[in-house]
Amino acid sequence: MLARPRSRGVSEATVKMCSLLRGEEMCLAQLFLQSGSAYDCISELGELGLVEFRDLNPNVNSFQRKHVNEIKKCEEMERILGYLLREIKKADISLPDRDVNPVTPLPKHVITIMEQLQRLEVELGEVTRNKEKLQKNLLELTEYTHMLRITRSFVQRSAEREHLEAQYEEFPFLEKDAMMDYSSMQRLGAKLGFISGLIQRVKIEAFERMLWRVCKGYTILSYAEVEEYLEDPDTGEPMQSVVFLISYWGDQIGQKVKKICDCYHCHLYPYPSSNEERNDVVEGLRTRIQDLHTVLHRTEDYLKQVLIKASESVYTWVIQVKKMKAIYYILNQCSFDVTNKCLIAEVWCPVNDIPTLRRALEEGSRKSGATVPSFVNRLPTTDTPPTLIRTNKFTSGFQNIVDAYGVGTYREVNPAPFTIITFPFLFAVMFGDLGHGAIMFLSAAWMVLYENNRKLKNTRNEIWNTFFEGRYIILMMGLFSIYTGLIYNDCFSKSLNIFGSGWSVRAMFENNVWDSSVISGNGVLTLDPNITGVFKGPYPLGIDPIWNLASNRLTFLNSYKMKMSVILGIIHMSFGVVLSTFNHLHFRKKYNLYLVFLPELLFMLCLFGYLVFMILYKWLFFTVKDSRHAPSILIQFINMFLMQSDTMQPLYPGQAGLQVFLLVIALLSVPVLLLGKPVYLYWLQNGSHRLGMYRGYERVRRNSEEELYLMRAHDMEEGSSLSDFSTSGEHNTEEFNFADEFLHQAIHTIEYCLGCVSNTASYLRLWALSLAHAQLSEVLWAMVMRIGLRMDTSLGVLFLVPVFGLFAVLTVSILLVMEGLSAFLHALRLHWVEFQNKFYSGTGVKFCPFSFSLLPSSFEHDGLL
């Protein structure tokens, strides 16, 4: 009894793993939806997100479809909701919890929601207009008050000047007094007029010049700045204003002055003729301003209450309207049967989700109360289905890396499961540092722990969102960097002596190799491992810490990392070639195993696999005693192609014969790779009796699409493949073209053979970036941190604090961010170009299910939600 649940759990885990490895098996299904239950059925499908709908009306204009009026209503409701959200955001009112998922409203409830929104829009619009009108009146009264207060000082200064003058001239000359005062003009018997108001500070100079040029000096302009900033009624931003008073002479001049004021958008106010009238106006303004403040305060309170009430339901309305609009959009993609009583829809659906799809249709029919249930029917098709690869929050980031190269072709091997390990590992090879990896790991672990924090998820900072979405990738890169940092024994450019060095200096003195004269006469001393006791054995984990003190450290690490890069690269590319066998077997192309896979693998291993063998052989079989006589691997590999093995010492016995054999095998695999597949397909086209029977069956039974589909499925199960002789949607067999197939295979052969050389060299970037990272880390320590640690004064501790801060900032900004991004991009290139092109085409179409949760929202894009 206990075995059945366990086997079911194992089966589900196996299905999920197969889905990640190859993608879900898809099928084309036809939905028969009753007119009364179609809305509810599509609503259920939108909640589950199981299917991708196909448009059955591609030639019908979007404005000529059946449910275009309903979509227009939804767009009108979206417009109202956008207006509400902008007003709520302007009032700084927070929205309630957005984790709600309201049910899709029924079509009969759409009118109710529409009326609620329209009524709320009208009410909010009236209150907003009243508020704006009150604010405008308040601003005008405030400006009028400032104008009366400041212009009073203009008249007082004029009166003081008149009182202090000892002698008056009957006709003052304009040349002597360019700015005539009011009393002088009154003595001339002129008909004086006054215009007062406010103008923006930036316009006053141009305004003054225009008055002088137009009025020919028949005006007197006095102005002064307002101390406080006033609000611009159009933009709502504070602005600095200037109060002006213009005295003009004659009605014609007055008309010109008013036109100039209109051009400069001046706010004009009546100028009182006497002090008594001025005092009455000021007193009345004071009372009106107090009343306006009271009314405006009450209006703002009422407006806030309306917005708070709207904010409680606005998010629910947004989700409901989005769902309704999506449902009507899908209904427009459906077609009617001949009776116009049933809607027909075609969908792509995973085969494993067909039972769930049936249950969803039954639930939709039950909710609508339909007497005739909706049902689903699978359709045979020759169209290529979309690709669906189910992921979780951990694997989605790595899948995005693969999809950025190209969405996988339907049911081909997905590189993402292997990328989970290989991508952070190759990154760590270039970024190997224990300290930097620990910082990266802890940062990513913090993001993982607080991944449900809404403030971290819902930010508008694109750079932060990029790091947050890739938190699991960063976590794995940091973890692998810690491992490679232990292997390199590198932590902020310093080595860790955890297990004790395997080298001993004492033995050099005990064996009388070193003495005081040797030490005093040589700046650099060499440890000889051939002397007993000098080298006790290899370091248990990684590189011995004594190499951090050696002068030839860089030479040793360069040789080690360069050979390691070649080994890792050839293993990585060979693994990619091996993965292509799963595609050949799955797509029933067994001939590709012998005509494509085997020549590719032999060419790779006979040449570059042999290079790895020589590296490992030299490491294992040449000891310290005979290491000086070890031949150069690079020279040996070059002589392999030149057939000059007798010119130097062999690496191992029988090397010449083995190298000739491997070279012959590699050269013979090239014509097989070039001609094998085209010749076989040509023979299969013209000489296969079974294929001729199949084509004859197709010509006779081409009208029976379902039987033809079943016949092809049977042939696929038997192992024969006709994908190279693909048929069109009308099942017309395409003519096989030997020239096209040969040209395609020739390009592939040239690309693969040359790519084996260039791709192997491309993996040397692992060595180069690892060296660059280590050297940058060492330079940063030497030029920053070492200076602070060397200070032996009493202020050394205080000086160490800013030095450590600078060291931390440069470490994060340069070594973690810039170097990390560089290593990330190079690891990305190694996977896209060197690894994935061995088996992954990436020419598929991504499965885009109809799901309410995946629908984009314009409000989120505009930052309103």
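Each value, and the rule that gives it
- Residues numbered from 1 in each chain as written.
- Predicted model: local features only at pLDDT ≥ 70, side-chain atom pairs only at ≥ 80, totals over all residues.
- Heavy atoms only, no water.
- Helix = DSSP H or I, 4+ residues; strand = E, 2+ residues; numbered from the N terminus.
- Buried < 20%, exposed > 50% of the residue type's maximum accessible area, 1.4 Å probe, protein only.
- Contact = heavy atoms within 4.5 Å.
- Areas by Shrake-Rupley, 256 points an atom, 1.4 Å probe, with all protein chains shown as cover.
- Phe/Tyr/Trp six-rings, centres within 6.5 Å; stacked < 30°, edge-to-face > 60°.
- Pairing = 2+ DSSP bridges.
- Axes fitted to C-alpha atoms, helices over the stretch in contact; angles between N-to-C directions.
- Patch = residues over 30% accessible without salt bridge, like charges linked within 9 Å, V, L, I, M, F, W, Y side chains within 5 Å.
- Salt bridge = Lys/Arg side-chain N within 4 Å of Asp/Glu carboxyl O.
- Expected span 1.5 Å × (residues − 1).
- Bend = angle between axes of the 7 residues up to and from the residue.
- 1 Å grid on protein atoms, 1.4 Å probe; cavity = no way out; pocket = protein on both sides within 12 Å on 5 of 7 lines; lining within 4 Å.
- Points joined across faces, edges and corners; volume = space filled by probe spheres on them.
- Nonpolar A, V, L, I, M, F, W, Y, C, P; charged D, E, K, R; others polar.

Undergrad: What is the right way to look at the overall build of the protein in this model?
TA: Each helix and strand counted, the protein has 27 helices and 11 strands in total. Relative to its 865 residues, the protein shows a buried fraction of 44%. Excluding contacts between residues fewer than 6 apart, the proportion of contacts in the protein whose partners are at least 24 apart in sequence is 80%. Taken as a whole, the protein presents about 48,200 Å² of accessible surface, with 59% of it coming from carbon and sulfur.

Undergrad: What should I look at first to understand the packing of aromatic side chains in this one?
TA: Aromatic ring pairs are reported here in terms of the distance separating the ring centres and the angle at which the planes meet. Tallied over the entire structure, the rule returns 40 aromatic pairs. Seen in terms of ring centroids, F738 and F742 are 6.2 Å apart; in terms of plane orientation they differ by 15°. Their pairing is stacked. Taken together, the residues F738 and F742, both in helix 24 (residues 738–762) and four residues apart, mark about one turn of the helix. By way of ring pairs, the aromatic residues Y405, F418, F575, W832, F835, F839 and Y840 are connected into one cluster.

Undergrad: Please clarify how the pairing of strand 1 (residues 26–34) should be interpreted in this entry.
TA: Consecutive side chains along a regular strand alternate between the two faces of the sheet. Burial of strand 1 is extensive: nine of the nine residues sit out of reach of the surface. Bridge count for strand 1 against strand 10 (residues 342–350) is nine bridges, and the pairing is antiparallel. Opposite C27, over in strand 10, you have C349 as the bridge partner. Where strand 1 and strand 11 (residues 375–379) come together, five bridges link them in antiparallel fashion. Its bridge partner being in strand 11, F32 is matched across the sheet by F375.

Undergrad: Before we go on, may I ask you to explain the packing of helix 18 (residues 553–586) against helix 24 in this structure?
TA: Describing two packed helices takes the angle between their axes plus the distance from one axis to the other. Here helix 18 crosses helix 24 at 145°, and the two axes come no closer than 10 Å. Here V566, I570, M573 and V577 of helix 18 lie close against helix 24, whose contacting residues are Y752, C756, N759 and T760.

Undergrad: Sorry, what's going on with a nonpolar patch on the surface here?
TA: Taken together, L675, V679, Y682, F738 and F742 make up a surface patch of nonpolar side chains, about 430 Å² in accessible area. For the nonpolar patch, the secondary-structure elements that each account for two or more residues are helix 21 (655–687) and helix 24. With three residues, helix 21 is the largest single contributor of residues to the nonpolar patch. Its relative accessible area of 33% is what places F738 among the partly exposed residues.

Undergrad: Is there a simple way to explain unusual backbone geometry in this structure?
TA: Leaving glycine aside, a negative phi is the common case for residues, and trans is the common case for peptide bonds. Backbone geometry at D92 places phi at a positive 60°, although glycine is not the residue there. Tracing the backbone through its elements, the reader meets D92 in the loop between helix 3 (68–90) and helix 4 (110–164). We note that F492 has phi near 55°; this positive angle belongs to a residue other than glycine. On the accessibility criterion, F492 (24% relative accessible area) is partly exposed.

Undergrad: Just to check I follow, could you spell out helix 11 (residues 416–430) for this structure?
TA: Residues lying three or four places apart along an α-helix face the same way, a consequence of the helix completing one turn every 3.6 residues. Given a rise of 1.5 Å per residue, 15 residues ought to cover 21 Å, and the 21 Å separating the end C-alpha atoms of helix 11 matches this to within 8%. The sharpest bend along helix 11 comes to roughly 25°, located at T422, with the proline P424 sitting one to four residues further on. Burial runs high along helix 11: 12 of the 15 residues are buried. The set of residues buried in helix 11 consists of A416, P417, T419, I420, T422, F423, P424, L426, F427, A428, V429 and M430.

Undergrad: Explain empty space enclosed by the protein here, please?
TA: In this approach a probe as big as a water molecule rolls over the atoms, and the regions it shows empty are the leftover space. Within this structure, the stated rule accounts for six cavities of 30 Å³ or more. Here the largest cavity is characterised by a volume of approximately 90 Å³. Residue lining of the largest cavity: Y488, D490, R553, L554, L557, N558, K561, L771, A774 and Q775, and that is the complete set. Looking at the lining of the largest cavity, the elements that each hand over two or more residues are helix 18 and helix 25 (765–790). By residue number, the principal contributor to the lining of the largest cavity is helix 18, which donates five residues. As a volume, the second largest cavity reaches approximately 50 Å³. Lining the second largest cavity are Y488, N489, S495, I543, D544, W547, N548, R553 and L557. Of the residues belonging to the lining of the second largest cavity, the class tally is four nonpolar, three polar and two charged.

Undergrad: Help me understand the sheet that holds strand 3 (residues 192–200) in this model?
TA: Strands belonging to one sheet form pairs held by backbone hydrogen bonds; the direction of such a pair is parallel or antiparallel. The strand order across the open sheet formed by four strands is 4-7-3-8, and the pairing between neighbours is antiparallel. Only two strands of the sheet have a single partner each, and these edge strands are strand 4 (219–225) and strand 8 (267–269). Geometrically, the sheet is characterised by an average inter-axis angle of 25° between neighbouring strands, direction not taken into account. The pairing of strand 3 with strand 7 (residues 241–249) spans nine bridges and is antiparallel. Across the sheet, the residue bridging to L192 is W249, located in strand 7. Contacts from helix 6 (residues 204–215) reach strand 3, strand 4 and strand 7 within the one sheet, and its direction differs from that of strand 4 by about 175°. The strands touched by helix 7 (residues 251–263) within the sheet are strand 3, strand 4, strand 7 and strand 8, with strand 7 carrying the most contacts at an inclination of about 160°.

Undergrad: When you look at the environment of F468 in this model, what are you seeing that I'm missing?
TA: Relative to the helices and strands, F468 is located in helix 14 (residues 462–469). The exposure class of F468 is buried, given its relative accessible area of 3%. For F468 and M447, which are 21 residues apart along the polypeptide, the C-alpha to C-alpha distance reads 6.8 Å. Apart from residues no more than four positions distant in its own chain, F468 is found in contact with M447, Y450, E451, L456 and K457.

Undergrad: Even after reading the chapter, I still don't get the side chain of E451, so can you show me in this structure?
TA: With respect to the helices, strands and loops of the structure, E451 is situated in the loop between helix 12 (434–449) and helix 13 (454–457). Taking relative accessible area as the criterion, E451 reaches 7% and is therefore assigned buried.

Undergrad: In this structure, what is going on with the side chain of E834? I would like to understand it.
TA: By the element assignment, E834 lies in helix 26 (residues 796–835). With a relative accessible area of 0%, E834 lands in the buried category. Excluding residues that lie within four positions of it along the chain, E834 makes contacts with M573, N759, S762, Y763 and R829.

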